[in-house]
Every structure is written in structure tokens, then in C-alpha cells.
Amino acid sequence: MSELRVRFAPSPTGYLHVGGARTALFNWLLAKNKGGTFILRIEDTDVERSTKESVDAILEGMKWLGLEWDEGPFYQSDYFPLYKEHVQKLLDSGKAYKCYCASEELDTKRNLAMQEGRKPKYDGTCRERAEQPDGQPYVVRFRAPQGGVTAFDDLIKGTITFPNEELDDLIIQRTDGTPTYNFCVVIDDASMRITTVIRGDDHVNNTPRQIQLYEALGFPVPQFAHVPMILGSDKARLSKRHGATSVIAYRDMGYLPEALLNYLVRLGWSNGDDEIFSREEMVQKFDIGNVGRSASVFNTEKLNWLNAHYIKNGDPERLADLLLPHLSVREVTTLNGPDLMVVVRTLQERAQTLEEMAERAVFYYNAPLSYDEVALAKFDKELLLSVFSAVMEKLSKVSEADVSGIDALFKEVCNENGWKMGQVGQPVRIALSGGTQAPGIGEIVVTLGIEETIRRIQAAREFVAGK
RNA sequence: GUCCCCUUCGUCUAGCCUGGCCCAGGACACCGCCCUUUCACGGCGGCGACACCGGUUCAAAUCCGGUAGGGGACGCCA
């Protein structure tokens, strides 16, 4: 194991969304690639908004994607004493001070500053305050360095420099005594000996403040890698109004974890012209330096293509298992029908998602209750009747059959009666599945079995005859 | 408003560091053709971009400067 230690630190205020998942993926990949350690930490210092349900949802999403962590999950709420201790240390050394300004007052000042086009930073009222009023509520502020600049070499974006005058004295402890985010992250990352912080680039602006804290606390400063945001089709930050953003929602819509992972890894990262990456390949080829600097738009079409690819090449047995829940929401039971694995094989090349596959699989288990009348109307009633009869006649003479045998049988029927394949195949397909979009005739017949096939053709024949 | 970041086909991107092999390559989508008993799969082809303006250079997508556009941050949220 190398010294590399990374972490994914979501705040439990919702489910795991695709942006978070990609950040987690990049962390995981770097850890696996370098033989490092991947840590999961739950940032629940905001007691108001953090929920157990969210924690569970995040863990569920991580597990589904197979992003297993080596240490944790750790909860920041378990470390309040540790943070307190460090706040005290800064207070004692004069690197932090108590601020008695009322929050409403600060809000007013901030708004005023923005309106007047000034920097909305803390004005330092309590910075040099001599007397310490007793019993007054206060927050603790970090005494930020005044002049100079704070810079860091971002692994993705390169050198980023901030003038220190842009940074004000941030609050590290609230009136109620709880520590704030920017402070906790620093303490945690330092105590967990994180070497590389990979996170969304909405944190770029927090980085200089955190670096100053590391320095004030005497901790080594880790490396940073800020990954660009994921946008919706309108180039605005991806959100619910763009459609599903939850990883679990993608699972429920019938996406395979390897497809989502493959999609996510290519969103912002590349390895030449390669598009398809197995888990092992991405681990082997991942290089944080190849992550792009600009935001990218989430594109469901491409995700669909990848999902179709993985369905096409997936193991039928596994797909059958994964398909089951999608079938049961349709109240389809596979007990009295064909082997689901066989069904899957006939559908693999035709489905982009498991939902779609389930939809197309229904007819195998539930004989059609109605037929595609428009498609049926393209054929003569008399032709339909004779085709159905001829096919049943032929079918009744075979007991066992394979796909090529059935295909040959249909050709025979055509030849003997002077029909074209389209005149025979299509009606039978409608008789068997109810519609026109289905696997090859041979595949359906073999999967359904001769007996059931005849039964369905008979039913269709009666339907046509009765018209 | 201030600060930070970003800018190659509609979308994801290669190329940029180490100028010439790039009148810019791949993929998704789209359009055509082929295959075909349907729907798909597959095969072949097409459409389509270096944000803009200047500079450096024999030569710039690549280096430099500026402009414009987009995003992010500015919380006792994380």
C-alpha cells in the first residue's frame, strides 16, 4: 500500500447524485490505481439538515456502484470534542478570536456591501477587541493572514492564486458551540492523514481558507484536485429539473452499474479515443492529470448507448436476476413460462435498459390479450387464416426444435404456398407477441415452446375469423 | 458587484505542456445506404467544431495579450 490516502465526504442531506458519484469514483480510481486508501466520511455537522435516511441512501448508492471504501464511514458528528480542542488551541495562540457581532447585523452589512459593489467580507469589528464581555453569545473566528497571497497547485486546474485580502476571518465555531464545515474538513483531513483531496470545483474558493487553517494548525497541506461540475442540457448546474440525478433512480430505471460507471468516468476524463472501460481497465488507466478542466453536460443518449452495450454483452444469468424486479412491478410471474435466461438472450440486442427489456419480455409470460390491429390490417383476412392454419399444421408435426429448424420450417411454408416471408412471419409474430416489435420468429417459437405457440396461433386465428 | 475558474463538432472528448504529421481524430446523437420476416444488432458513408480580436513565428487549435460568453464562490450550509 502506498501512502496515498483519499476520501469521499458527502453531506447526508439527500441521496447520492451523479455528480457526487463521479467524485467518489475519481477518488476510488486514484486509490486503486496507486494502491492507496479510500476513506468514506459523512459530513454531518449540520445537525438540522442531516438525516439517517440520507446516510443510508448514500451508502446504498456507493455499494450499488461497487465503490467500496477501505476505511469508514466516519461521522463528523462523532468528533466534536476534537474540533473543540483545536478551536481552543487557536484561541490560546491568538490565531482565532471571539466575535460578538450579531448575525443579523452581519447580514445587513453584507447586503449593503454587495449593493455598493464592495467585497462582502467581515469588517473585523471584533478582531482587535480588547474587552471580552461576559455571558454574551459569540462565535469564534479565524484570524486570517492579511497581506500576500495563498496559492496551490491543483492537480487538475494548475496553479490557482488568491490575494489574501479577498479572504476574511471565517467563523470556525458557531454561537451554539458547534464547529463549521471549513474547519472540520481541515481537522478531519489532517487527522485522517489525507494526502490528496479530490472534490467538486465548487470548493475551489474554500481551498485558500483551508490552506491557511492547515498552516495555522501546523498540519501538512494535502494536494488538491478539483473536478469540474456536471451540467444539464441547458448548461446550468445539473439538478432535479433536468431529470433524474440520483444514482439509485438510474438503477431503478434499468441501468447497469458498470454502464453508469463507464459513463461517469468518461465525463471529464479520457484515455485517448477509448470509450469502453471495464472496472479493471479504468483502475489501470486512470490518471488524475487526464481529467479535463471544464464542466461537462450530462447526456442520457450516450449513457443509453453504454447501457445497451453492457446489456448486449452481459451474462444472461445475471441479467435475468437483475430483470426480476422490473418484471414484478409489471406483475409478471416467470414461474409458468419459459426460462427467463433464455428470454433474456432473445432480448439482449434489443434493449437499452432493463425496463425496456422487461417491457418486451412480458409477452413471453402473458399471452397477448389484444393484437396490433393496424399491423394486422395490412394482411388479407383469408391470407391470415390460411397462414395460421399452414403454420400450425407444420408445427404440430415437430416435437423438438431449434431456432434454425423453425426458421427452415417457415421457409418451407412459404415455398409450398407461394408466400413471401413477410406475409408469414409478421402475422405469426403478431399472433405470438401481440405486436410487431419482437425477436426473430424462430427465437420466439423455440422460447415459447411448440405447444404454447400453437395455442397462441389458434387464438389469433379465432380472433381473425371472428372479425 | 468582487474574486476564482472555464471556452475544440448539438453532446462527451483527442490533440495543446514539448508550435509544423490537424484545411483538426474518435464516440454519442442525427441523416443516408447495405444486411433483414418485424424491431433491433451489425457494416459502410455523410453532416458537423479550434469563442472572438490582435501579437510572436517561415508556420498557431497549440505560445503571449486583450475582449466576449459561461460557470462557481462570496452563509453562524456543506
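Shown above is the structure to which this text applies.
The structure presented is a predicted model; accordingly, all values stated were derived computationally and were not measured. (Residues numbered from 1 in each chain as written. Chains lettered and ligands numbered in written order. Predicted model: local features only at pLDDT ≥ 70, side-chain atom pairs only at ≥ 80, totals over all residues. Heavy atoms only, no water.)

1. What to know about the protein's contact with RNA strand B
Rules: Note on terminology: near, applied to a residue and a molecule or strand, indicates that one of the residue's heavy atoms is within 4 Å of it. A 3.5 Å cut-off defines polar contacts: any pair of N or O atoms within that distance qualifies, except that in protein one atom must be a possible hydrogen donor and the other a possible acceptor, and neighbouring residues in sequence count only when both atoms are side-chain atoms. Secondary structure elements follow DSSP: runs of H or I of four or more residues count as helices, runs of E of two or more count as strands, with numbering from the N terminus. In the scheme used here, Gly and all other residues not listed as nonpolar or charged are polar, with Ala, Val, Leu, Ile, Met, Phe, Trp, Tyr, Cys and Pro taken as nonpolar and Asp, Glu, Lys and Arg as charged.
Near RNA strand B lie 62 residues; those nearest to it are Arg 174, Thr 175, Gly 268, Arg 350 and Thr 436. Between Val 297 and RNA strand B, the recorded distance is 2.8 Å, taken from a backbone N or O atom to a phosphate oxygen. Residue Asp 407 places a side-chain N or O atom 3.3 Å away from a base oxygen belonging to RNA strand B. Contributions of two or more residues to the surface near RNA strand B are made by α4 (103-115), β7 (158-163), α5 (181-191), β12 (296-297), α10 (300-312) and α17 (421-433). Top contributing element to the surface near RNA strand B by residue count: α17, with five residues. Residue composition of the surface near RNA strand B, by class: 16 nonpolar, 22 polar and 24 charged.

2. Topic: empty space enclosed by the protein
Heads up, the condition is: Lining residues are those with an atom within 4 Å of a point, where the points come from a 1 Å grid over the protein atoms alone and group into cavities, where a 1.4 Å probe fits but cannot get out, or pockets, open sets with protein on both sides within 12 Å along at least five of seven lines. Grid points are joined across faces, edges and corners, and a volume is the space filled by probe spheres set on the points.
Across all of its chains, the model carries one cavity of 30 Å³ or more by this definition. Roughly 30 Å³ of internal volume is contained in the largest cavity. For the largest cavity, the full set of lining residues is Glu 258, Leu 261, Phe 277, Ser 278, Arg 279 and Met 282. Class assignment for the residues of the lining of the largest cavity results in three nonpolar, one polar and two charged.

3. Looking at helix α13 (residues 354-365)
Rules: A helix is expected to span 1.5 Å for every residue after the first. Any two residues whose heavy atoms approach within 4.5 Å are treated as being in contact.
When the terminal C-alpha atoms of α13 are compared, their 16 Å separation across twelve residues agrees well with the 16 Å that a helix rising 1.5 Å per residue should span. Looking at the packing, one finds that the buried side of α13 touches α10, α11 (316-328), α12 (340-347), α17, α18 (441-448) and α19 (450-465).

4. Quick look at the environment of Ile 171
With respect to the helices and strands, the residue Ile 171 is situated in strand β8 (residues 171-173). Taking the C-alpha atoms as reference, Ile 171 lies 85 Å from Glu 393; in sequence the two are 222 residues apart. Once you skip the residues sitting within four places of it in the chain, Ile 171 turns out to touch Val 139, Val 140, Arg 141 and Thr 180.

5. Examining the packing of helix α16 (residues 403-417) against α18
We apply this condition: Axes, fitted as lines to C-alpha atoms, cover a helix only where it is in contact. Angles between the N-to-C directions of the axes lie from 0 to 180 degrees. Angle categories: roughly parallel below 35 degrees, roughly antiparallel above 145, roughly perpendicular from 65 to 115, and oblique for all the rest. Note on convention: near helix rotated counterclockwise from far helix by under a right angle means a left-handed crossing. Clockwise means right-handed.
One can describe the packing of α16 onto α18 by two numbers: an axis separation of 8 Å at closest approach and a directional angle of 120°. Classed by the angle they form, the pair α16 and α18 counts as oblique. Handedness of the α16/α18 crossing: right-handed. On the side of α16, the interface is formed by Val 403, Ile 406, Asp 407 and Phe 410, while α18 contributes Ile 441, Gly 442, Glu 443, Val 445 and Val 446. Among the residues making up the contact of α16 with α18, the classes are represented as six nonpolar, one polar and two charged.

Take it as geometry only, folks, not as evidence of what the structure does.
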